[in-house]
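Read off the chains here:
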Amino acid sequence: MSIVSHQQTPEQVELQAEARARILRLVDERTQQAENAYNVALPPLPRTMDAHDIEANAGGQIEWAVTDFWTRASPILLAAEEKSGKTFVVCSLAVSVASGLAVFGKLPVVDPGPVLIVAGEGSKFDVPRRLKRLSEGAGLTLRDLPINFLYGPALKLNRKRDMQYVFNEAERTGAKLVVIDPLARLMEGDENCKETVASVLNPLLMICDKLGASVCLVHHLAKQSTDNPRAINKRSRGSTDIASWYSTGIFVSGNPASGQVCLSVTQRVRGNIPDSLQVELNELGDAPEDRPMRLVAKFPNPNEKRRQGDEEVEKAIDAVLDLLHERGAGGLSTNELLLHTGFPRLVLGVAIKRIILEMKQAFWEKTDETGDTKLLFPARVNCMTTDGVPIF
């Protein structure tokens, strides 16, 4: 068998060279795209500090983005019970950061600027409608505020392409605050899986580190269990990575229809605000619907010092809930609570008031023929009352 070789013409050689160059350019572009996406998800390597740097950091001033609420470029978790007004709270934060007006009328915004809201649930009209009501309630016009809204229910932030898109939009808009609402709708996979959740949380930290923006992650709380009651800041659904991710935790409960919601605040960097904020939802004007609205916190001074003994009260709350869980349906009398927890009567009294009035996790009731008053689980909603029953 003979082999016949064909000599290529100069035109063919040139066409092959152009095709090869196009392929190489395409490979380079795809490689760069992959590296960009990977760089968002890859945490930077930490720098080792010497003694001079350690001393400088030890004496450094806290850089607040919102005074006493959250620090600059920090991760924020806003977790809420169902139908508790979380969207109003989120939109109120957005209006304050974008306008520079004090959060809830009390907490000064130190680092105002553009806001990017990424929404993955509801309709595309829900968030804009609330933003409009809240901006009008603050005497502002929504179109004049640097608020950017990305309605993306199809986005899944553990896809590198989608996370890169959100990162790019945050960078393009110069966002000081990025809201991800909610985690469950903007990721694919199981929120109880550590690796799946980390594939979203780690890139969000890159937005903080590389862009200097705070990231507010909106999440849902698990329903309260009468068999194993937990404090509200320990009821985040999903992986425990979520609970260790944030710097400031805002836990929302209550019913907006009552005109008031409760915010329980947990901070890694402690600010001078109460652990529990009562926030009023004030509707303004006489319009039948979509009236201007303002959210106002019910405490007198943003620089109010934390009550002494707050940490001890938190420990007493945990101790009481643990005892209730152990005792079950039998409940606990005042003397039993004092005996088994070991906390002073005053501290225990404050803790029980918070469990009953704010957390709605127990109630007092006179039991059996002796008339003893015992603390019980809220087996029936209409029993969650302290009317006529003295608490300590």
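It should be noted that the structure appears before, not after, this text.
Note that the structure is predicted; figures quoted are calculated from it, not measured.

Cut-offs used in this document
Residues numbered from 1 in each chain as written. Predicted model: local features only at pLDDT ≥ 70, side-chain atom pairs only at ≥ 80, totals over all residues. Heavy atoms only, no water. Phe/Tyr/Trp six-rings, centres within 6.5 Å; stacked < 30°, edge-to-face > 60°. Buried < 20%, exposed > 50% of the residue type's maximum accessible area, 1.4 Å probe, protein only. Lys NZ or Arg CZ within 6 Å of the ring centre and 35° of its normal. Helix = DSSP H or I, 4+ residues; strand = E, 2+ residues; numbered from the N terminus. Contact = heavy atoms within 4.5 Å. Core = buried A, V, L, I, M, F, W, Y, C linked by side-chain atoms within 4.5 Å. Salt bridge = Lys/Arg side-chain N within 4 Å of Asp/Glu carboxyl O.

The description of an aromatic ring pair uses the distance of the two centres, along with the angle that the planes make with each other. For the structure on display, the rule yields four aromatic pairs. Their ring planes at 75 degrees and their centres at 6.2 Å tell us that Y246 and F251 sit as a pair that is edge-to-face. Accessibility assignment for this pair places Y246 and F251 in one class, buried. Directly above the aromatic system of F88 lies the positively charged group of R130, at a separation of 4.9 Å from the ring centroid. The ring of Y246 carries the charged tip of R268 above its face, separated from the ring centre by 4.5 Å.

What follows concerns the side chain of S247. Mapped onto the elements of the fold, S247 is located in the loop between α7 (241–245) and β8 (248–255). The buried category is assigned to S247, whose relative accessible area is 12%. If we ignore the near neighbours within four places in the chain, the residues touching S247 are T71, S74, P75, T266, Q267 and R268.

The next thing to look at is the nonpolar core. Counting residues in each nonpolar core, the largest one holds 44 residues, and the members touching the most others are F69, W70, F104 and L263. Counting residues per element, this core draws most heavily on helix α3 (residues 86–99), at nine residues. F104 has contacts with F69, V89, S92, L93, S96, L263, V279, L295, V296 and A297, leaving out every residue within four places of it along the chain. Counting 32 residues, the second largest nonpolar core, distinct from the first, contains L150, V197, I232 and I242.

Applying the stated rule across the entire model yields 14 salt bridges. For R133, the salt bridge is made with E283, and the minimal N-O distance between the two is 2.6 Å. Of this pair, R133 sits in helix α4 (residues 126–137) while E283 is found in strand β10 (residues 276–283), placing the two residues 150 residues apart along the sequence. Through salt bridges with shared partners, a single network forms among R159, R161, D162 and E188.

Remember that the coordinates give geometry; whether it matters functionally is a separate question.
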